[in-house]
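Descriptive analysis of the structure
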Amino acid sequence: MRPAHRYLPVFQDVLGASVLVVGAGAVGTRKIESLLAGGARVTVVAKELSPAVEERAARGDLTVLQGTFHPDQMEEAELVFVATPDRALNHRVSAEARSRRIPVNVADSPEECTFLLPAVVRGEEFTAAISTSGRHPGAAKALREFLEDHRAEISVRLERGRRRKRIAARPGKVYIVGAGPGDPDLLTVRALGLLRSADAVIHDYLVPAEILSLAPAKAARIRFARRGRTAGHGAVLKQNAIHEAMVRLAREGKSVVRLKSGDPLVFGRGGEEAEHLSREGIPFEIVPGITAAMGCAAAAAIPLTHRGRSSSVTFVAGHETDEKGGSAVYWSLLPKDGTLVIYMGVGRVAAIAEELAAAGFSPDTPFAIVENGNRPEQRVVRGILSGLSRIALDSGIRSPAILFVGRTAASLPYEITGERSDEPVAQGI
Ligand code: SAH
């Protein structure tokens with residue numbers, strides 16, 4: 001038999017509610033304790049009382065009607081709990097409660113209940129209820145324990161979700177947003193919120209499809225750069241086209257996310273774009289991202305600074321535009337006792353190796369190249385400067401890759417551990 005009005009309440013509190021509990025054994029006592037904790041006015045009907053209930057009664061926390069159940073005892077009840085070993089009695093109490101339309105719960109007998117009590121996990125600002133309709137109490141308990149173990153994580157996720165909801169790109173504004181080095185998990189909460197609410201996304205080739213897919217399906221996606229470098233006049237044209245697109249879309253009232261790999265202000269032309277928007281009177285905001293140097297350093301366990309090994313870190317462009325005629329970096333002025341991080345250098349790695357040697361970097365200075373850092377196809381190649389050009393060539397390193405030079409680039413004396421350590425790592429080639 002299935003009662004018609006079965007429901008599954010999670011009591012926020014039972015403060016002041018008048019509750020009748022029939023039976024005061026182990027199960028009944030547990031119910032009584034939680035009802036009292038919730039502030040219920042409890043009346044207990046039982047032939048025998050557990051010591052705990054007896055103590056409660058002596059303190060006047062509850063009313064005890066010692067003896068057998070009688071329907072009149074239900075007169076005041078708003079809720080009825082039954083937990084006796086006597087099945088016939090349980091059935092009788094349940095039938096009586098239902099005839100009076102009082103919600104009733106019979107322990108371990110879901111078919112006699114008009115409401116069930118789920119297993120409950122309460123965390124900061126959430127209540128999770130688990131029910132298997134009384135059929136698999138063991139599974140419900142296991143699930144509850146699992147959720148209890150993850151209570152803090154659930155609270156953090158709820159908070160993140162709430163914050164993300166509050167973050168929404170505004171119409172007529174341009175957001176110059178760093179997308180991080182590739183792994184969507186490395187987006188900032190703000191970047192994700194803006195991306196999810198954008199009308200238009202203007203991005204460069206380094207931003208992976210997985211991140212772009214986070215923008216709404218209806219958002220316009222505009223990609224300007226092809227893989228590889230656009231030199232000289234071409235680069236200027238491309239940059240002008242980006243400037244024009246940002247301004248036009250913002251003036252059309254669109255919320256525009258200008259999505260750049262890594263951080264927009266590290267070799268990302270974010271500064272030029274901000275200048276242009278400000279000249280045109282378009283409101284804009286810059287949202288930082290994890291730059292390749294930091295993402296790749298973490299992925300390869302390269303400390304950018306390290307006590308006794310490196311007290312400075314310098315970000316260098318290994319490749320400048322053609323108008324500048326190769327590299328515009330004064331290699332000899334760079335600190336030799338810190339960490340050098342060379343972006344956009346793989347195409348010119350042989351020349352860079354020569355420039356470093358000419359600048360006085362010792363041939364046995366360690367280096368590491370991280371290719372496709374923070375992506376599934378990540379590779380790390382290490383060596384010392386005297387072998388840089390040969391090793392880079394032999395291992396077929398391709399863009400995007402970043403070069404670390406300095407004592408910190410050597411393998412650490414400990415293993416890289418953590419869930420990402422099983423990704424392809426070619427060390428010590
Ligand atoms: N604004 C970006 C840099 C753009 S310049 C940032 O802050 O990271 C492009 C260069 O960045 C590439 O040539 C390469 O040197 C580096 N780079 C970007 N993503 C990379 C990645 N996932 N792995 C290795 N290097 C990367």
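Residues numbered from 1 in each chain as written. Predicted model: local features only at pLDDT ≥ 70, side-chain atom pairs only at ≥ 80, totals over all residues. Heavy atoms only, no water.

**Some points on the sheet that holds strand β17 (residues 401–405)**
- Taken in spatial order, the five strands make up an open sheet running β13-β14-β17-β15-β16, and their pairing is mixed. Because the sheet does not close on itself, it has two edges, and the strands there are β13 (313–317) and β16 (379–384). Across the sheet, the mean angle from the axis of one strand to that of its neighbour is 20°, orientation sign disregarded.
- Alignment of strand β15 (residues 366–371) against β17, held across five bridges, turns out to be antiparallel. The partner of Val370 across the bridge, within β17, is Ile402.
- In the packing of helix α10 (residues 292–299) onto the sheet, contacts are made with β13, β14 (339–343), β15 and β17, and the angle to β17 comes to roughly 75°. (Pairing = 2+ DSSP bridges. Helix = DSSP H or I, 4+ residues; strand = E, 2+ residues; numbered from the N terminus. Axes fitted to C-alpha atoms, helices over the stretch in contact; angles between N-to-C directions. Contact = heavy atoms within 4.5 Å.)

**Here we look at a nonpolar patch on the surface**
- Together, Phe267, Met294, Val313, Phe315 and Met344 make up a nonpolar patch on the protein surface, roughly 420 Å² of accessible area in all.
- For Met344, the location among the structural elements is in the loop between β14 and α11 (349–358).
- In this structure Met344 comes out as partly exposed when scored by relative accessible area, which is 41%. (Patch = residues over 30% accessible without salt bridge, like charges linked within 9 Å, V, L, I, M, F, W, Y side chains within 5 Å. Areas by Shrake-Rupley, 256 points an atom, 1.4 Å probe, with all protein chains shown as cover. Salt bridge = Lys/Arg side-chain N within 4 Å of Asp/Glu carboxyl O. Buried < 20%, exposed > 50% of the residue type's maximum accessible area, 1.4 Å probe, protein only.)

**Some words on unusual backbone geometry**
- A cis amide bond links Ser399 with the next residue in sequence, Pro400, at an omega value of 0°.
- Inspection of the secondary structure puts Pro400 in the loop between α12 (388–394) and β17.
- In this structure, Asp108 is a non-glycine residue whose phi angle is positive, near 60°.
- Within the secondary structure, Asp108 sits in the loop between β5 (104–106) and β6 (119–123).
- The residue Asn374 is not glycine, and still its phi comes out positive at about 60°.
- Of note, Asn374 is situated in the loop between β15 and β16.

**Considering the site of the ligand**
- If you check the shell around the ligand, you find 19 residues, and the closest are Asp263, Val266, Thr291, Ala292 and Ala401.
- Those elements that place two or more of their residues in the shell around the ligand are α10 and β17.
- Looking at the shell around the ligand, its residues break down into 12 nonpolar, five polar and two charged.
- Residues lining the shell around the ligand come from more than one domain, with at least three contributed by each of domain 3 (174–290) and domain 4 (298–409). (Near = heavy atom within 4 Å. Nonpolar A, V, L, I, M, F, W, Y, C, P; charged D, E, K, R; others polar. Domains from an automatic or database assignment.)

**Examining the environment of Glu124**
- Tracing the backbone shows Glu124 in the loop between β6 and β7 (126–130).
- C-alpha separation for the pair Glu124 and Glu159, spaced 35 residues apart in sequence, amounts to 9.8 Å.

**A closer look at the pattern of salt bridges**
- Within the structure shown, the criterion is met by 21 salt bridges.
- For Lys260, the salt bridge goes to Glu273, with nearest N and O atoms at 3.2 Å. Of the two residues, Lys260 sits in strand β11 (residues 256–260) while Glu273 sits in helix α9 (residues 270–279), which places them 13 residues apart along the sequence.
- For Glu273, a relative accessible area of 0% translates into the label buried.
- A single network of salt bridges, built from pairs that share partners, joins Glu33, Glu55, Arg56, Arg59 and Asp61.

**Points about the environment of Gly347**
- Inspection of the secondary structure assignment puts Gly347 in the loop between β14 and α11.
- What makes Gly347 exposed here is its relative accessible area of 71%.
- For the pair Gly347 and Ile397, spaced 50 residues apart in sequence, the C-alpha separation works out to 9.1 Å.

**A short note on the pairing of strand β12 (residues 284–287)**
- Burial along β12 is one-sided: the face carrying Glu285 and Val287 is buried and the face carrying Phe284 and Ile286 is not.
- By the bridge criterion, four bridges tie strand β8 (residues 174–178) to β12 in an arrangement that is parallel. Looking at the pairing, Ile176 lines up with Ile286 of β12.

**Regarding the environment of Ile342**
- By the secondary structure assignment, Ile342 is in strand β14.
- Take Ile342: its relative accessible area is 0%, and that puts it in the buried class.
- In contact with Ile342, not counting residues within four places along its chain, are Val316, Gly318, Trp331, Ile352, Ile402, Leu403 and Val405.

**What about the sheet that holds β5?**
- The five strands lie next to each other as β3-β2-β1-β4-β5, forming an open sheet whose pairing is parallel. Every other strand in the sheet has two partners, leaving β3 (63–66) and β5 as the edge strands with one partner each. Going across the sheet, the axis of each strand differs from the next one's by a mean of 15°, ignoring polarity.
- Taken strand by strand, helix α3 (residues 87–99) contacts β1 (18–22), β4 (79–82) and β5, and its axis lies near 165° from that of β5.

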